[in-house]
Amino acid sequence: MLDELRDSPEVLYGAAIALGVVVLLTPAVGGMARLLGVVDRPEGRRLNRRPVPRLGGLAIFLGVLVPALAFLDLSGEMRGILLGAAVACVVGAVDDFRGLSPPVKLAGQVLAAAIPPAFGVWVDHFTFPFVGVVDLPVVLGVALTVVWVVAVMNMVNFLDGMDGLAAGVCAIAGTTFAVLALSLGKVDAAVLSAVVAGACVGFLRHNFFPARIFMGDSGALVLGFTLASVSIAGLLKTASTVVLFLPLVVLAVPIIDTSFVVAKRLKYRRPIYGADRSHLHHRFVSIGFSQRRAAVTMWAWTASLGAAALATRFIPFRAGGEWHLWETVAVVGIALGALAFSVYVVYLLEIVKLANPRIRRRERELEPPTAAPAAAGRRSPARRSA
């Protein structure tokens, strides 16, 4: 990797510039958000106890855009990704400022996700184990690309409910994607991934607990869109069998969080886009974790999964078509460590019902309130109105 970095120093330069731009611009964006009244009140799924400005995503987008214009080849795929990111930022900013209905917001996300395929960023084939390369029809490949990009945009958006959480997770994912893409010779994808990581680290300067600004939908949609698109441009469009699964591993934390929340809302027949406190980070807080500890724990979880992805890519456990014992042991050990961390989180947060006396109490705390009995309502009109 050192040789690749020496040959492509723009990967590090882009990350550093993105970090600096976001650190410098974020306070100004926060001041503008306060003037415009784009402020998150302490209610709903948020854990903040005072009003905090949003629209931090504008600083993140500019932090991505500036080094991208300097270091990327904008004659093809990267132009499509940046244009789509701009659309995602606009959709998110409008939602932050005015509020959009779920159908309109989804339509904007689909519009953004449909731009990269027009510039060649779409899944045209998969490489499956024991099967080989499977070419996809254009319509199916483009449809899968749009679904993947929209899904990751919403996953990051759902994850953005605690100070520093989404920015930290995306920083780790961006760093992992940058290393993987660079190892595959995808320099532009590596630069863009590193730029995303740098922008997220810069934003953490103002967003880690206690946050002085939130990224809002403008930031969550930009980060989700860019990570999803770069995973296609830099990883999925290769002939490597292993690489097929790496984006799912790296983004496993937002995938698990979103899957759990959606299943919970469907179970209780609540709107999928409704705000509540059933996310994994809320469950951490409900069992006594501070916001700092909860965010850092989820960062560590993401980092363990990223380490497993990197180990699978870089440790030659099956070089030359032959299995190598100690390399295989190393990869399996790192993968088991990531799996053990995941099982620990699942048990700690009681995501799966085990023989634990706290389960029902936690379930009752997360269940939506039921209507008061009719008799009680007739007996005390004043209390019913209260």
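Up top you'll find the structure we're talking about.
Note that the structure is predicted; figures quoted are calculated from it, not measured.

Scoring rules and cut-offs
- Note that residues are indexed from 1 along each chain, following the sequence as it is written.
- Restriction of local features to residues with pLDDT of at least 70 applies here, the model being predicted, together with a cutoff of 80 or more for giving and counting side-chain atom pairs; totals for whole chains, interfaces and linings are based on all residues.
- With hydrogens and water stripped out, all remaining heavy atoms of the structure feed into the side-chain values.
- Runs of E in the DSSP output that reach at least two residues are strands. Runs of H or I that reach at least four are helices, and both are numbered from the N terminus.
- It only takes one pair of heavy atoms within 4.5 Å for two residues to be counted as in contact.
- All accessible areas in this document rest on Shrake-Rupley with a 1.4 Å probe, and a residue is counted as covered only by the protein chains that are shown.
- Candidate patch residues must exceed 30% relative accessible area and have no salt bridge, after which like charges are joined if within 9 Å and Val, Leu, Ile, Met, Phe, Trp or Tyr side chains if within 5 Å.
- Here, a salt bridge means any Lys or Arg side-chain nitrogen found within 4 Å of an Asp or Glu carboxyl oxygen.
- Residues scored as positive are Lys and Arg, those scored as negative are Asp and Glu, and His as well as the terminal groups of each chain are ignored.
- To locate a charge, the coordinates of NZ of Lys, CZ of Arg, CG of Asp or CD of Glu are taken.
- The rule is simple: take the accessible area with a 1.4 Å probe, protein chains only, and divide by the maximum for that residue type; under 20% is buried, over 50% is exposed, in between is partly exposed.
- Think of a nonpolar core as a cluster: buried Ala, Val, Leu, Ile, Met, Phe, Trp, Tyr and Cys residues, connected wherever their side-chain atoms sit within 4.5 Å.
- Structural elements are reduced to axes, namely lines fitted to C-alpha atoms, with helices fitted over the stretch in contact, and the angle between N-to-C directions of any two is expressed from 0 to 180 degrees.
- Throughout this description, any angle smaller than 35 degrees is read as roughly parallel, any larger than 145 degrees as roughly antiparallel, any in the 65 to 115 degree range as roughly perpendicular, and the remainder as oblique.
- It is the rotation of the near helix from the far one that decides the hand of a crossing: anticlockwise by less than a right angle makes it left-handed, clockwise makes it right-handed.
- Charged means Asp, Glu, Lys or Arg here, nonpolar means Ala, Val, Leu, Ile, Met, Phe, Trp, Tyr, Cys or Pro, and polar covers whatever is left, Gly included.
- Any two rings among Phe, Tyr and Trp, with Trp reduced to its six-membered ring, count as a pair given centres within 6.5 Å; such a pair is stacked if its planes are under 30 degrees apart, edge-to-face if over 60, and tilted if neither.
- Throughout this description, the term charge over a ring refers to an Arg CZ or Lys NZ atom that lies within 6 Å of the ring centre and within 35 degrees of the ring normal.

Caption draft 1: The arrangement of the overall build of the protein chain in detail. Looking only at helices and strands, the protein chain has 18 helices and four strands in total. Expressed as a percentage of contacts within the protein chain between residues at least 6 apart in sequence, the contacts between residues at least 24 apart total 73%. When the accessible surface of the protein chain is totalled, it reaches about 17500 Å², and 67% of it is carbon and sulfur.

Caption draft 2: Summary view of a positive patch on the surface. A contiguous patch of positive charge on the surface is contributed by Arg-34, Arg-50, Arg-205 and Arg-212. Relative to the elements of secondary structure, Arg-212 occurs in the loop between α9 (187-207) and α10 (216-236).

Caption draft 3: The arrangement of the side chain of Thr-226 in detail. Among the structural elements, Thr-226 can be located in helix α10. When its relative accessible area of 2% is taken as the criterion, Thr-226 is described as buried.

Caption draft 4: Region of the structure containing the nonpolar core. Counting residues in each nonpolar core, the largest one holds 96 residues, and the members touching the most others are Val-149, Phe-177, Met-215, Leu-223, Phe-225 and Phe-284. Contacts of Phe-284, omitting those with residues within four sequence positions, involve Phe-289, Ala-294, Thr-297, Met-298, Val-345, Leu-348 and Leu-349.

Caption draft 5: Main features of the pattern of salt bridges. As enumerated under the stated definition, the model contains four salt bridges in all. One salt bridge in this structure joins Asp-40 and Arg-54, with 2.6 Å as the shortest N-O distance. Linking Asp-40 in strand β1 (residues 39-40) with Arg-54 in the loop between β2 (52-53) and α3 (56-71), this pair joins segments that are 14 residues apart in sequence. As far as burial versus exposure is concerned, Asp-40 and Arg-54 are alike and both buried. Through salt bridges with shared partners, a single ionic network connects Asp-40, Arg-54 and Asp-96.

Caption draft 6: Region of the structure containing the packing of helix α2 (residues 10-36) against α3. Contact pair α2 / α3: the axes reach a minimum separation of 7 Å and the direction vectors enclose 150 degrees. Accordingly, the angle class assigned to the pair α2 and α3 is roughly antiparallel. Where α2 crosses over α3, the two elements pack in a sense that is right-handed. Side by side, α2 and α3 meet where Glu-10, Tyr-13, Gly-14, Ile-17, Ala-18, Val-21, Val-22, Leu-25, Thr-26, Val-29 and Met-32 of the first sit next to Gly-56, Leu-58, Ala-59, Ile-60, Leu-62, Gly-63, Val-66, Pro-67 and Phe-71 of the second. Its residues assigned to classes, the contact of α2 with α3 shows 15 nonpolar, four polar and one charged.

Caption draft 7: Inspection of unusual backbone geometry at higher detail. Residue Pro-210 is reached from Phe-209 by a cis peptide bond, and omega for that bond is -5 degrees. Relative to the assigned elements, Pro-210 resides in the loop between α9 and α10. A positive phi is found at Leu-55, a non-glycine position, where the angle reads about 70 degrees. Within the secondary structure, Leu-55 is located in the loop between β2 and α3.

Caption draft 8: Quick look at the packing of aromatic side chains. All chains considered together, the criterion is met by three aromatic pairs. Taking the centre distance of 5.0 Å and the plane angle of 50 degrees together, the rings of Phe-284 and Phe-289 count as tilted. Look at Phe-284 and you get buried, because its relative accessible area is 0%. Residue Phe-289 is classed as buried on the basis of its relative accessible area of 9%. A cation over a ring is seen here: Arg-293 above Phe-289, with NZ or CZ 3.8 Å from the ring centre.

All quantities given are derived from atomic positions and should not be read as evidence of function.
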